[in-house]
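Each chain is listed here by its residues.
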Amino acid sequence: MVGPVLLVVANGFSVNGGAIGNSAHPAWLALEAFAGDLTLNNGSQIYGYVTAPAGTLRINGNCQITGGGAADRLAINSNGKLLLLN
């Protein structure tokens, strides 16, 4: 990814392994689930700022968000992590 990106998905989003965003520049990605949940599974990583204003932000088994998160509801399970950056 090169430069700042705003990605808005309509009805929720699941990441099932792998990484999204740039680990050296988490501020370059803003990911929003407009209506629905945002779920990370299977060791997924997101480098960026995520929002789920009308859903649940779910960080499951060994998954991590580095950047920030905002949601109607937050669930962190089985060693999931949310690392907040300024």
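Now for a look at the structure at hand. (Residues numbered from 1 in each chain as written. Predicted model: local features only at pLDDT ≥ 70, side-chain atom pairs only at ≥ 80, totals over all residues. Heavy atoms only, no water.)

## A few points about unusual backbone geometry
What counts is decided by this rule: Secondary structure is summarised from DSSP: a helix means a run of H or I of at least four residues, a strand means a run of E of at least two, and numbering begins at the N terminus for each.
In this model, Asn 62 sits at a positive phi of 60 degrees, which is unusual for a non-glycine residue. Take Asn 62: it is sitting in the loop between strand S6 (45–59) and strand S7 (64–76). Positive phi, normally seen in glycine, also occurs at Asn 79, with a value near 70 degrees. Counting through the fold element by element, Asn 79 comes out in the loop between S7 and strand S8 (81–84).

## Here's the deal with the pattern of salt bridges
So the rule is basically this: We count a salt bridge whenever a side-chain nitrogen from Lys or Arg sits within 4 Å of a carboxyl oxygen from Asp or Glu. Think of it in three bands: residues with accessible area under 20% of the maximum for their type are buried, residues over 50% are exposed, and the middle band is partly exposed, with areas taken using a 1.4 Å probe on protein chains only.
The full count for this structure, using the stated rule, is 2 salt bridges. Here Asp 37 makes a salt bridge to Arg 58, at a shortest N to O gap of 3.2 Å. Taken together, the positions of Asp 37 in the loop between strand S4 (29–33) and strand S5 (38–41) and Arg 58 in strand S6 put the pair 21 residues apart, joining distant regions of the chain. With a relative accessible area of 29%, Arg 58 lands in the partly exposed category. Here Asp 72 ties to Arg 73 by a salt bridge, and the two come within 2.3 Å at their closest N and O atoms.

## Side note on the environment of Leu 6
Mapped onto the elements, Leu 6 comes out in strand S1 (residues 5–9). Residues Leu 6 and Glu 32, 26 residues apart in the sequence, show an inter-C-alpha distance of 8.0 Å.

## Thoughts on the side chain of Ser 44
Condition: For the purposes of these results, a polar contact is taken to be a pair of N or O atoms within 3.5 Å, where, inside protein, one atom must be able to donate a hydrogen and its partner to accept one; residues adjacent in sequence count only when each atom of the pair is a side-chain atom. Any two residues whose heavy atoms approach within 4.5 Å at even a single point are treated as in contact.
The topology assignment puts Ser 44 in the loop between S5 and S6. A polar side-chain atom of Ser 44 sits 2.9 Å from the main-chain carbonyl oxygen of Val 15. A polar side-chain atom of Ser 44 sits 2.5 Å from the main-chain carbonyl oxygen of Asn 41. Excluding residues that lie within four positions of it along the chain, Ser 44 makes contacts with Val 15, Asn 16, Gly 17, Gly 18, Asn 62, Cys 63 and Gln 64.

## Things to note about the nonpolar core
The line we're drawing: By nonpolar core we mean a set of buried residues, namely Ala, Val, Leu, Ile, Met, Phe, Trp, Tyr and Cys, connected to one another through side-chain atoms within 4.5 Å.
In this structure, Leu 38, Leu 40, Ile 46, Val 50, Leu 57 and Ile 65 are the most contacted members of the largest nonpolar core, which totals 14 residues. Secondary-structure elements contributing two or more residues to this core are S4, S5 and S6. Take this core: its biggest share by element is 5 residues, from S6. Apart from residues no more than four positions distant in its own chain, Leu 57 is found in contact with Leu 38, Val 50, Ile 65, Gly 69, Ala 71, Arg 73, Leu 74 and Ala 75.

## Quick notes on the pairing of S7
Selection criterion: The criterion for strand pairing is that DSSP finds at least two bridges linking the strands in question.
Relative to S7, S6 is paired through 12 bridges, and the arrangement is parallel. Within S7, the position partnered with Tyr 49 by the bridge is Gly 68. Relative to S8, S7 runs parallel, the two being bridged by 4 bridges. Across the sheet, Ile 65 pairs through a bridge with Leu 82, a residue of S8.

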